[in-house]
Structure formats: structure tokens, C-alpha cells
Amino acid sequence: MSEREDTSTLAAAVDHNRRTERLTRTWLLAPALVIILAISILPLGITVLYSFLTPGTYGGVTWEFSTDSYVQFLFQRDIFDDTLVFNSAYLSIFLRSIGLALGATIGALILGFPTAYFIATKPREQRNIWLFLITLPFWTNLLIRTYAMLLIIRDEGIINIVLMKVGIIGSPLSILYTDTAVFIGLIYSFLPFMVLPIYASLEKLDFSLVEAGYDLYASRLKVLFHVIVPLAKPGIVAGCILVFIPGLGAYITPELLGGGKKLMIGNMIAMQFGASRNWPFGSAAALILMALVVVVLLVNALATGREARSNG
Amino acid sequence: MVRDLKAMLGFNATAWICIVTLYLPILVLIAFSFNANRSVVLWTEFSLDWYVKAMDNDGIRNAAWVSVKIALFATVISTVAATMAALATTRTKRFAGQGMVYGIINQPLMIPEIVTAIATLSLFALVKRMTGLTGIGYLMLAHAAFCIPFAYMPIRARLENMTLTLEQAAADLYAPPLKVFTLVTLPLLGPGIVSGAMLAFVVSLDDVIITLMVAGPGETTLPIYILGAIRRGITPEINAVSTILVAVSVLLVVLLFFVQRRMQR
């Protein structure tokens, strides 16, 4: 066999290997991709389609193009002369949701950062236990946790009973079914999402930098805000996004703790598919929510991109 | 001057407040599920009455059975699909479109659940109208889809930490690829697959929003039953069922913790 022939069979073998590898990979990926494309991504396309249709009389849609759903978000059509009047009802639900989600993010950050720091400064062998303690509640049902919170903050709940027994308050604080209740519930639900990424970035923190700060006569606060926080920034940003996005779309928390009166976007969308039977409007609202989420993610991606460029 | 480098004023206290806040509500719930009195406020004495009542309740029993059926189906489908996908993304060379594959697999995690829920409902309504098929299959498929990323994460992590040496050694000893896979790769991957399956099971068992939107008549899972019961009014029976569900999740996650600890060694 000549040397030339040898290399060509080798090349053919390599080529064959590559082809089988590609084939294997395709088959291995197929089930996961097919299921997610069919049951998660295709439906999003249908949602886009539905948002441009006309509501059916008994729910569902009639196949008639209309942009009414998007118009309805901001305006109300006058029944008599068909003019559009600005209507802030839906907009205010969106704004309240954004406000509550932002508030919960800040609250979770104020509680979560010190907690992550506390864990990161524990001896290495203890850290896993602490982390486990933080994540364990996350794996217990969100609905049940929210219900448990309801038991605590209602008028006859533990908090009020203790406060009244101690004599701090004379009559129970009415927290349940207010924005405060939803706010507390959101922090409680998503707190672990804040702690974990911040911990991940603090764990890598080099404490000799902190020591250098002290050597240069920086105060504790200065060291915290000029050394530790900047180094933990990726974790802080990740945590804020992880709390803000599910907070924005929350359904159970406002449903139980807001008593169905303090609506958020999630409840409003669900309502359009239930009692209100306006699927196109529900779809449009869901897409506006998605757009908000995408904006948050894009802003983050751009910011991290710019930072990486300016650092590199 | 000597000072504790790492200490920050008030940080320890905040951390403890966090831990207490995370656990206090759940502990109160559990405690009052054992209360003899109907009250969810006043403690009288220890009793298992509410558990007996909950077990006797047909609605709860049916809901529990529906939950387990769906969770088992979703776990098997999502774990198999996730294992295959994880092998494809870690055991072959980097390929064009790999980023997109990651994006698609993680997609159910990045979209607010309520959006996934109504989108899935829209699709299934369309399919139902076209085919006339109804049944619990829709719910099972929906669960399988959103469980995939949860199963995928630990399996992929495990694969990335496994060196190829053992597999290559087996191949050098003329083991055919299928034998290498079943006798070497799969046993090594075992803990990852177990973790993935447990996560998928817990996630399916706990889902509310997607189930609420997609479920047809008579397809009540345990969380949906609990939600309905809370809306009708608080009873200690709910505390008992909730405690059981919490116990199941906690048990699985504690098991998972030990599986992962073994994995690290």
C-alpha cells in the first residue's frame, strides 16, 4: 500500500468518524429539543398570533386580525362614538408590578448581601451546610410557603399575637391583603435567588484586598463599598435579575397575600384566560411582560459587555 | 490594632434574621398541623387528627395520585431527554449552534412561568379542537417540558467533571461504544442522573401556575387542590396536607444533598 493511499483512507476514516459523531449528536439532542420546541417555543409563536386576533364569545379566539388587544392596554374604546380614551387601569397594574418587583429586589438585596457575606466568611467546611439551609426552603413548594406566610402575617397571626402580648401594639396590624403583604411575600419567596449568586462571587473574594484597605486606614464602610461591593458586583447583578424577573411575573404571592385585590401582571394575564375570557388581550399582556423581561436581560448583557471591554 | 478583618457590623444579625424568616412560617405551619384544636392560632394539644382527616378525604387522595402520576411521567421523560442532551453537549466536540442549543434547553427557565402557562394553554386548546383528544397527557407533556432544564443542569455538571480517561481505557481494550457507555459512562454518571431526576420530580410535584392553566376538568394535582382549599377558607386539614408535601420535598432534597456530597469525592 502506498503512502498516499494510506493517508486517503485515513482521511476517509476521520471523515466517517466526524459524520457518525454529528449523527449521534443529532439523535441525542432530538428528544429534548423537540419537546421544548413543541411545548415551550411553538406556543410562544401562537401567543404572538393570538394577540393579533379577536376574542371569541366563549373564550378562545376568532380568526380575524385586530390590534385591539394592544390598543386596549392603554385606551378604552367609547361605546357610543368609537373614540379612544386613555385608560390607565392596565398600565397601573404593570407599573405597580414593576414597583413591587423592584422593591422586593432591593429588600432581598439588603437582607441577602449580608447573608451571603456571612456564609462566605464561614470556615470552608461549614459553608455547604449554610448554603443548604438557604436553598432548602426554595425546594419546598412556593404555594405552601406563601400560605405559611399568610398564617404568620394575618390579623390573628403569630406576629400580631406576639406584638400584642409584648404590648408594642394595642390592636393587630392589618398587613394581609395589602401591598406590604405582597412585598413581604415576594422577598420571602425569592430571597434564596439573591443569596446564591452573591455568595458565588464573594466566595472567590481575596481578603488580602480587604486587609490592604484597612492598612490604608479605610473605615469598615469604605472597605465594604469601595472594595467588597465592587468585587461582588457580578453576583449582585445576577441576584437582582433572578429576583426581579420572577417577582414581576408572580402569580401566587399577589393571589394569596394580596387577596386577589392587589393584582399584579401575572394575575391579570391569568384572569384574561379565565373569568374575562379575552385570550387575545391576555396574550398581548403576556407579550408585553416578556418584552419587559427581554429589556432587563438586554440592558444587563450590554452593561456586562461594555464592562468586559473596558476592563480588557 | 487587631481587628477581625472579615467582620461587618450587623451582618451576622441580618444573616440570622434571614434564616429565621425563611424557616419560621414553615415551622409554624408544621406545628399547627399537629394541633388538636380547629384553631390555627391557639395551641391546645398534640394530635394527629388532621392527618387522619386528610388521608380520609377522597379529594386529597385523588389529587395526590394525579400529582404522583404526572410527576413520575415528567421525571422519566425529562431525565432521559436531559441525559441524552447532556451527553451530546459535553461528550462531542464543540459544534456550531451549541449556544443556541443551550438557549433552547434553558428557555423554560428564562420566561416568566405565567407566560409559559398561557402559551401552553393556547397551543393545547388548538390541538384539542383539531384532534378532539382530551386527557391527562397534555398536562404530563407540559410538565415534562419544563422539567428538562432542571434535570439537565446536574447531569451536565457531572459530565463536565468526569474525565474521559476511563472511557478511553475501555475503548483501548476493544470495548464497543455501547459497552463503554453502559458499563463505564452510565455508572459514573449515575449520581448526576439521580440528582436530575429528583429535581425534576420535586419541580413537577410543586408546580402550580402551568398546571392551573393547562389542567382539564378532574385533573386536580395536590398543589391545585391546596390552592382551592385555601381560597375556600383556612382549615387545619390544609396544614396537614401541606406538611406532607413539604416533608416529601425536603426528604428528596436532603437525599440529593448526600448524593451530591458523594459525587464530589
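Residues numbered from 1 in each chain as written. Chains lettered and ligands numbered in written order. Predicted model: local features only at pLDDT ≥ 70, side-chain atom pairs only at ≥ 80, totals over all residues. Heavy atoms only, no water.

Trainee: Got a minute to help me understand the overall build of chain A in this structure?
Mentor: A count of helical and extended segments in chain A gives 13 helices and 4 strands. If one aligns the C-alpha atoms of chain A with their principal axes, the spans along those axes are about 95 × 70 × 35 Å. Of all 312 residues assigned to chain A, the portion counted as buried reaches 46%. For chain A, the exposed surface amounts to about 15,700 Å²; the carbon and sulfur share of it is 66%. (Helix = DSSP H or I, 4+ residues; strand = E, 2+ residues; numbered from the N terminus. Buried < 20%, exposed > 50% of the residue type's maximum accessible area, 1.4 Å probe, protein only. Areas by Shrake-Rupley, 256 points an atom, 1.4 Å probe, with all protein chains shown as cover.)

Trainee: How do you make sense of the interface of chain B and chain A when you look at a structure like this?
Mentor: Many authors give the size of an interface as the accessible area that is lost as the parts come together. Each partner contributes residues to the interface: chain B has 88 residues there, and chain A has 81 residues. Ranking the residues of chain B by area buried against chain A places Leu5, Phe11 and Leu22 of chain B at the top, with a combined share of 9%. Put simply, chain B and chain A have 1 salt bridge between them. For the interface between chain B and chain A, the tally reads 7 residue pairs in polar contact (both at pLDDT 80 or more). Sorting elements by how many residues they give to the side of chain B that touches chain A places helix α1 (residues 11-33) of chain B first, with 17 residues. Its residues assigned to classes, the side of chain B that touches chain A comprises 67 nonpolar, 14 polar and 7 charged. (Contact = heavy atoms within 4.5 Å. Buried area = accessible area lost by both parts, 1.4 Å probe. Salt bridge = Lys/Arg side-chain N within 4 Å of Asp/Glu carboxyl O. Polar contact = N/O pair within 3.5 Å; in protein donor to acceptor, adjacent residues only side chain to side chain. Nonpolar A, V, L, I, M, F, W, Y, C, P; charged D, E, K, R; others polar.)

Trainee: Before we go on, may I ask you to explain the layout of surface pockets in this structure?
Mentor: A probe matching the size of a water molecule, rolled over the atoms, marks out where space remains unfilled. Its boundaries defined by the atoms lining it, the second largest pocket holds a volume of some 850 Å³. Lining the second largest pocket we find 23 residues, and of these Thr24 of chain A together with Arg91, Thr92, Glu167 and Pro177 of chain B sit closest to its centre. If you list the elements that add at least two residues to the lining of the second largest pocket, you get α1 (3-51) of chain A together with α3 (58-90), α7 (165-172) and α8 (177-206) of chain B. Here the element with the most residues in the lining of the second largest pocket is α1 of chain A; it accounts for 6 residues. (1 Å grid on protein atoms, 1.4 Å probe; cavity = no way out; pocket = protein on both sides within 12 Å on 5 of 7 lines; lining within 4 Å. Points joined across faces, edges and corners; volume = space filled by probe spheres on them.)

Trainee: Looking at this structure, how should I read the environment of Leu143 of chain A?
Mentor: With respect to the element layout, Leu143 of chain A can be found in helix α5 (residues 142-153). A sequence separation of 109 residues divides Leu143 of chain A from Ile252 of chain A, and the C-alpha atoms of the two residues are 6.4 Å apart. Beyond its immediate stretch of four places on either side in the chain, Leu143 of chain A contacts Ile252 and Leu256 of chain A together with Val208, Pro223, Ile226, Leu227 and Ile230 of chain B.

Trainee: Teacher, can you tell me more about a nonpolar patch on the surface here?
Mentor: Together, Trp43, Phe46, Leu48 and Val52 of chain B line one region of the surface with nonpolar side chains, adding up to about 440 Å² of accessible area. With respect to the element layout, Trp43 of chain B can be found in the loop between α1 and α2 (49-56). (Patch = residues over 30% accessible without salt bridge, like charges linked within 9 Å, V, L, I, M, F, W, Y side chains within 5 Å.)

Trainee: Any chance you could explain the packing of helix α3 (residues 89-120) of chain A against α1 of chain B here in plain terms?
Mentor: When two helices pack together, their arrangement is given by the angle between their axes and by how far apart the axes lie. Across the interface, α3 of chain A lies against α1 of chain B with an axial gap of 8 Å and an inter-helix angle of 110 degrees. If you check the angle between α3 of chain A and α1 of chain B, you find them roughly perpendicular. Contacts between α3 of chain A and α1 of chain B involve Ile110, Leu111, Phe113, Pro114, Thr115, Tyr117 and Phe118 of chain A from the former and Phe11, Asn12, Thr14, Ala15, Trp16, Ile17 and Cys18 of chain B from the latter. Along the lines of polarity and charge, the residues of the contact of α3 of chain A with α1 of chain B split into 11 nonpolar, 3 polar and no charged. (Axes fitted to C-alpha atoms, helices over the stretch in contact; angles between N-to-C directions. Parallel < 35°, antiparallel > 145°, perpendicular 65-115°, else oblique.)

Trainee: For this particular structure, what's the right way to read the packing of α7 of chain B against α8 of chain B?
Mentor: All names here are of chain B. Running from amino to carboxyl end, α7 crosses α8 at an angle of 165 degrees, the nearest separation of the two axes being 10 Å. Classified by the angle their axes make, α7 and α8 are roughly antiparallel. Crossing of α7 against α8: the hand is right-handed. In this structure, α7 uses Leu166, Glu167, Ala170 and Ala171 to contact α8, whose residues at the interface are Val180, Val184, Thr185 and Leu188. Looking at the contact of α7 with α8, its residues break down into 6 nonpolar, 1 polar and 1 charged. (Left-handed = near helix turned anticlockwise from the far one by under 90°.)

In short, geometric facts, not functional conclusions.
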